[in-house]
Protein chains: 2
Amino acid sequence: MTQPALDPARIQPLANAVRALSMDAVEAAKSGHPGMPMGMADAATVLWTRHIKFDPKDTQWADRDRFVLSAGHGSMLLYSILHLIGVEEMTMEELKNFRQLGSKTAGHPEFGHAPGIETTTGPLGQGLATAVGMALGERMMNAQYGDDLVDHRTWVIASDGDLQEGVSQEAISIAGHLKLSKLVVLWDDNSIQIDGDTALSDTVDHRQRFESAGWMTMEVDGHDAAAVDKALNDAKMSDKPVLIACKTTIGFGAPTKAGTAGSHGAPLGAEEIKGAREALGWSHEPFVIPDEIYDGWRFAAELGAQTREAWDARLNASDKAEAFTAQLSAEPPKAALDALDAHIQKTLSDKPALATRASSGKAIEAFWQAFPGLIGGSADLTGSNNTHAPGMASITPDDFSGSYVHYGVREFGMAAAMNGLALHGGLRPYSGTFLVFSDYCRGAIRLSALMNQPVIYVFTHDSIGLGEDGPTHQPVEHLTALRSMPNVAVYRPGDAVEAAEAWKCALERTDGPTVLVLSRQKVPHVRQDDGSTNLSAKGAYVIRDAEGDAQITLIGTGTELSLAIEAQATLKDKGVHARVVSAPSLETFLKHEADYRASVVDPKLPVVAVEAALRWGWDGLIGLEGGFVGMDSFGASAPAGALYEHFGVTADAVVEQALKRV
Amino acid sequence: MTQPALDPARIQPLANAVRALSMDAVEAAKSGHPGMPMGMADAATVLWTRHIKFDPKDTQWADRDRFVLSAGHGSMLLYSILHLIGVEEMTMEELKNFRQLGSKTAGHPEFGHAPGIETTTGPLGQGLATAVGMALGERMMNAQYGDDLVDHRTWVIASDGDLQEGVSQEAISIAGHLKLSKLVVLWDDNSIQIDGDTALSDTVDHRQRFESAGWMTMEVDGHDAAAVDKALNDAKMSDKPVLIACKTTIGFGAPTKAGTAGSHGAPLGAEEIKGAREALGWSHEPFVIPDEIYDGWRFAAELGAQTREAWDARLNASDKAEAFTAQLSAEPPKAALDALDAHIQKTLSDKPALATRASSGKAIEAFWQAFPGLIGGSADLTGSNNTHAPGMASITPDDFSGSYVHYGVREFGMAAAMNGLALHGGLRPYSGTFLVFSDYCRGAIRLSALMNQPVIYVFTHDSIGLGEDGPTHQPVEHLTALRSMPNVAVYRPGDAVEAAEAWKCALERTDGPTVLVLSRQKVPHVRQDDGSTNLSAKGAYVIRDAEGDAQITLIGTGTELSLAIEAQATLKDKGVHARVVSAPSLETFLKHEADYRASVVDPKLPVVAVEAALRWGWDGLIGLEGGFVGMDSFGASAPAGALYEHFGVTADAVVEQALKRV
């Protein structure tokens with residue numbers, strides 16, 4: 001069974017099925033974006049029926065091609081195709097329930113809602129940037145397991161808006177630099193965006209732009225099936241990533257709204273849909289697809305199934321099968337966790353006084369070789385982030401067998417690529433930048449969280465403690481901004497043991513991202529327990545109990561934990577018994593039941609918290625009039641010690657606040 | 001007095017003064033970045049002594065050229081030049097105090113620290129993007145006031161890192177589209193970044209990239225003064241924005257570290273500095289500048305002073321002088337505030353039930369014509385953001401007399417450009433996107449706040465109330481993320497009157513940014529007072545007091561304010577007296593003294609707050625175990641009504657929480 005020669009007359013009805021389902025579903029939902037699916041239906045149909053390697057009966061097949069609808073607002077394009085090609089979960093009922101509560105057919109494609117949705121898209125630019133990570137992941141897994149097991153493409157449909165977003169530049173720069181030739185982007189080049197003609201705001205020659213980034217580019221009539229088919233074949237021969245500018249008419253078929261922003265983001269209306277049915281020669285009722293149309297789509301699925309069966313046979317015959325399968329699981333290897341445990345024991349014995357970024361580096365050094373698929377990196381701050389362990393080889397355009405990526409000064413593109421690496425499977429990405437630049441990649445951190453992807457963010461230089469670089473580089477509000485994001489675990493360790501524990505939490509977390517918040521400056525060793533329990537995993541715990549009945553609780557995090565401990569000693573000299581709580585993960589602690597919380601922070605006692613950041617988020621624990629030693633403004637440029645004095649983040653200030661309250 | 005012909009032998013010692021001051025100051029601070037100032041000293045010296053229109057004796061001169069050191073880490077380049085050219089405040093003592101507490105010479109240039117620092121830089125890419133706003137501002141003011149009063153250039157020095165950041169693409173796309181020909185970027189093309197050679201991560205042909213965006217580009221040896229001079233002259237003739245790739249050696253002059261990442265971000269060390277002094281033929285002691293060097297620099301200053309004097313004469317002779325001067329003040333015109341007051345009175349009488357984004361649009365409509373210099377815009381969501389008032393003309397490459405910018409889908413570039421517009425003077429920018437995409441431009445909001453710039457962010461579609469677009473488009477954590485940023489005023493109005501009041505707060509705020517958080521869905525009219533006091537300005541206030549002694553306080557914001565009012569009525573039927581507080585600006589309220597806070601939210605009464613967002617930040621007011629009706633996860637895709645029911649954000653839930661607590 002082989003692919004028949006292209007017959008444009010055969011493609012068109014298949015594409016019209018996509019158009020009809022898209023406009024009918026948007027109409028039924030009274031909300032949505034019909035224009036894009038109608039414009040790209042022809043090109044997408046050629047792609048899906050003649051090029052994509054996909055088996056709807058085994059949608060998790062590791063060597064399937066990945067398809068990313070970066071222009072996520074055109075979600076009905078994807079849902080229609082998944083239905084037509086035979087993904088069981090994508091029933092006609094789901095299409096009828098487009099954009100309704102509990103449906104698999106959300107307004108924008110949501111990863112996890114249905115097979116075939118490879119990533120959540122909607123925030124423009126990020127689909128393309130995530131796809132770069134997937135394509136990179138393919139090359140990395142290929143380097144490990146060879147063409148027999150890993151040899152697939154990543155296809156993207158992107159809109160004008162995707163290309164206008166800055167993250168697209170970061171993404172195409174990474175892809176072009178690494179020569180990710182199995183990445184193909186179909187640009188829906190329809191010259192229309194929400195405000196009107198793209199010429200209102202965009203005169204970039206995007207082909208030239210992509211070429212400047214090392215891409216091969218082509219241009220085709222997106223409604224000419226033969227031209228699209230040829231372009232896709234040509235793309236497969238490229239030794240560079242490929243952009244195909246598909247000239248299309250938005251809302252193709254709609255009698256008055258085609259080619260206008262009017263077809264972009266609202267139902268077409270009954271009259272316009274009637275006219276479109278006539279213009280397209282589509283006489284079927286809404287949500288009715290004739291068998292011959294299904295047959296046409298499912299022929300492609302049959303080819304996919306055969307290819308998948310052949311791959312299954314290769315996997316079964318391969319001596320790498322076990323390793324391959326194990327690596328595809330998101331679970332951390334036991335050996336890596338054991339290595340971290342051993343490292344924690346050694347740290348308890350060595351008692352090193354290091355910056356927590358350095359402690360993080362030591363933790364990575366301890367386990368990385370026991371974690372196949374671990375992929376490190378940094379946005380051009382490798383030495384500052386301590387993300388590179390001795391012996392790690394860099395990924396280059398010629399060799400993908402390494403485990404470290406130099407992403408360049410591209411925080412957002414890096415974070416989105418990490419999402420793509422994680423989604424690809426078999427890879428566990430982490431990488432670094434300064435905490436303050438978490439703002440630059442926040443959109444991608446949010447998608448890590450929304451998609452439950454175990455991406456690890458290493459954010460160093462976490463407070464005024466970075467010193468002279470000044471307020472542009474000193475985070476004060478970022479802890480709150482990250483802690484408040486759903487499904488993000490934030491750890492700000494206070495010494496080398498907590499740093500290693502935070503890494504263990506990060507590795508063990510398989511259903512969401514972890515943020516490690518690390519210092520530039522040194523901290524003393526403080527942990528005195530036997531290391532048998534991961535105390536950081538509790539969010540907060542008693543690290544130095546009061547001698548005698550506690551009169552007050554002092555809470556410290558990160559580099560300020562030692563200030564709380566210092567204050568405890570001073571208070572003791574003054575006859576005040578204080579309990580010291582370490583809170584490496586405030587939001588983890590706040591999620592505990594009240595009983596555990598009360599066992600750590602006694603609600604009957606006054607509280608003073610110390611953290612070189614804003615108090616926002618602390619008021620619940622300490623009370624609106626409670627004691628907080630931290631920042632209430634942006635920082636300043638000076639040596640770290642001078643800044644801590646200047647802003648009053650000192651053990652003395654903790655003592656003073658405490659004495660006011662006992 | 002005219003500029004003498006270029007004599008490279010005369011330029012070099014002037015440039016070496018920059019190099020010496022830079023390496024000596026970094027050495028004294030034991031921290032900083034000597035490599036960039038040493039590499040770009042020649043080009044910067046040609047620029048500043050022969051091209052920039054600048055009078056050190058009148059640094060606020062409205063028609064001065066703007067200079068932006070986008071590569072802010074090379075701050076000693078700028079400080080050295082400002083000192084050498086004679087900016088009084090930039091004393092030698094300041095240079096000696098580089099990176100020390102209270103100095104004007106922060107690690108990165110901080111706007112407001114000293115004259116000649118036109119914008120805060122350091123977060124890479126944003127200097128360039130801010131400069132685009134300045135160059136746009138020049139064209140807009142020129143369209144209003146003509147060449148006689150407004151005719152200056154914007155010069156930028158940018159690094160490899162600046163060009164790798166995605167925001168640079170957004171910025172150059174806007175600049176190229178609008179043909180901002182008086183913007184000239186000198187790219188410090190030294191092929192070195194922190195991780196090592198730029199070839200590790202970057203193979204983009206940046207000249208080709210800029211050309212694809214409509215720029216003119218050139219390449220010169222950055223150490224060849226004559227070549228740089230010619231390029232700058234050529235740049236002045238361009239009808240497009242200009243990129244000059246200056247091929248330089250980072251750390252030029254340092255015997256072993258020049259050309260390596262080793263000279264980038266750390267003091268060179270005594271030996272290396274000694275070698276550099278020898279290599280450069282600079283025999284003077286640290287921080288000693290011979291008079292003839294000062295003379296060379298200050299000749300340029302004299303020329304600048306003459307040009308400024310001629311301009312002063314033109315201003316004095318102009319019939320536009322009064323309007324020009326008034327517009328340069330950041331104060332809002334009284335007529336605009338009066339128009340808003342009248343609009344508030346009309347709204348109180350009309351009692352419209354509108355989405356707050358629509359109410360915001362009505363407010364803009366009411367005052368915009370009375371506010372010269374007001375510049376609206378949107379990141380391709382004009383209709384959705386309600387940012388465009390009838391009659392507003394769009395800015396185009398051929399006509400800058402309008403008052404609306406179509407920024408394209410470029411939130412970060414837009415926000416940075418707004419910073420540039422505000423910094424330029426004479427312009428008050430506002431523009432819109434969806435609240436969820438505040439993440440995309442957060443880095444620029446932070447700089448608005450850090451620089452005290454009165455930029456107005458219109459963020460619509462502020463909760464699950466946007467409905468079907470789903471969780472990628474539904475903010476839940478963004479209110480906290482924005483409220484927690486220092487010096488940002490966030491307003492989430494609950495009806496049309498509060499929306500107008502929020503606009504009044506925004507216009508009256510001249511020392512920091514304002515964020516307006518607005519709904520997609522309709523809200524009822526709720527205000528019943530006489531409108532004589534701007535109640536929203538208080539942050540929170542009693543909008544419906546209890547009949548009889550209050551037993552509980554209900555707090556609502558934005559679209560949930562009406563739920564609190566509805567709950568009050570239900571509770572009354574059940575015999576419970578509740579007070580309803582409207583809190584359009586939570587962080588403003590929390591900054592009040594305890595007395596005012598207690599007069600609104602009685603600390604002795606239980607509290608239930610309702611807001612369709614996360615409770616993070618509310619715990620101080622309501623207590624850790626207090627009542628909160630809101631979100632505790634990401635949202636979902638469904639019609640808004642279904643989502644409010646699904647997530648339990650209802651008046652009934654407020655009632656239930658209240659009954660538990662009285």
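Anyway, here's the lowdown on the structure attached to this text. Here the residue index of a chain counts from 1 through its sequence in written order. Lettering for chains starts from A, numbering for ligands starts from 1, and both go in the order in which the items are written. Thresholds applied to this predicted model are a pLDDT of at least 70 for local features of residues and 80 or more for the giving and counting of side-chain atom pairs; totals over whole chains, interfaces and linings are not thresholded and use all residues. Water and hydrogen atoms play no part in the side-chain values, which are based on all heavy atoms of the structure.

Points about the interface of chain B and chain A
We count it as follows: Only heavy atoms matter for contacts: two residues are in contact if any of them lie within 4.5 Å across the pair. Polar contacts, as counted here, are pairs of nitrogen or oxygen atoms within 3.5 Å of one another; within protein the pair requires one atom able to donate a hydrogen and one able to accept it, and residues that are adjacent in sequence qualify only if both atoms are side-chain atoms. Under the grouping applied here, Gly and all other residues not named as nonpolar or charged are polar, the nonpolar ones being Ala, Val, Leu, Ile, Met, Phe, Trp, Tyr, Cys and Pro and the charged ones Asp, Glu, Lys and Arg.
Every contact between the two is made by 100 residues of chain B and, on the other side, 100 residues of chain A. The tally of links between chain B and chain A comes to 48 residue pairs in polar contact (both at pLDDT 80 or more). For the side of chain B that touches chain A, the class distribution of residues is 39 nonpolar, 38 polar and 23 charged.

Quick notes on the pairing of strand 15 (residues 552-556) of chain B
Residue and element names in this part refer to chain B. Where we set the bar: The classification of residues rests on relative accessible area computed with a 1.4 Å probe and restricted to protein chains. Under 20% of the type maximum is buried, over 50% is exposed, and intermediate values are partly exposed. Only DSSP runs of H or I with at least four residues qualify as helices, and only runs of E with at least two residues qualify as strands; both kinds are numbered from the N terminus onward. Call a crossover right-handed when, viewed with both strands pointing away from you, the route from the first strand across the helix to the second goes clockwise. Think of it this way: DSSP has to see at least two bridges between two strands before they count as a pair.
The element strand 15 is extensively covered by neighbouring structure, given that 5 of its 5 residues are classed as buried. Between strand 15 and its parallel partner strand 16 (residues 578-582), the chain crosses via helix 20 (residues 561-573), and the hand of that crossover is right-handed. Pairing between strand 15 and strand 17 (residues 607-610): 4 bridges, direction parallel. Each residue of the ladder has a partner; that of G556, found in strand 17, is V610.

Quick look at the sheet that holds strand 16 (residues 578-582) of chain A
Residues and elements named next belong to chain A. Put simply, the test is: Under this scheme, a helix contributes an axis fitted over its contacting stretch, all axes are lines through C-alpha atoms, and angles between N-to-C directions fall in the 0 to 180 degree range.
Taking strand neighbours across the sheet as the criterion, the 5 strands line up as 14-16-15-17-18 in an open arrangement whose pairing is mixed. Every other strand in the sheet has two partners, leaving strand 14 (541-544) and strand 18 (627-629) as the edge strands with one partner each. Here the strands of the sheet are splayed against their neighbours by 30° on average, with no regard to which way each runs. Bridge count for strand 14 against strand 16 is 3 bridges, and the pairing is antiparallel. Bridge pairing in strand 16 places V542 opposite V581.

Some remarks on the nonpolar core
Filter applied, for reference: Here the nonpolar core consists of buried residues drawn from Ala, Val, Leu, Ile, Met, Phe, Trp, Tyr and Cys, with membership extended through side-chain atoms lying within 4.5 Å.
If you look at the biggest cluster of nonpolar residues, it comprises 113 residues, and the most contacted ones within it are L136, L180, L183, W215 and F324 of chain A together with L554 and V649 of chain B. With 11 residues, the top contributor of residues to this core is helix 5 (residues 126-149) of chain A. Not counting residues up to four positions away in its chain, the partners in contact with F324 of chain A are A62, M141, Y145, L149, V150, W311 and L315 of chain A. Residues L149, A171, V455 and V488 of chain B belong to the second largest nonpolar core, which totals 112 residues.

What to know about helix 19 (residues 496-508) of chain B
All names here are of chain B. What counts is decided by this rule: Each helix should span, by expectation, one fewer than its residue count multiplied by 1.5 Å.
When the terminal C-alpha atoms of helix 19 are compared, their 18 Å separation across 13 residues agrees well with the 18 Å that a helix rising 1.5 Å per residue should span. The buried count for helix 19 comes to 12 of 13 residues, which makes it a mostly enclosed element. Its side-chain oxygen at 3.0 Å from the backbone nitrogen of V497, D495 defines the N-terminal cap of helix 19.

What is shown is where atoms sit, not what they do.
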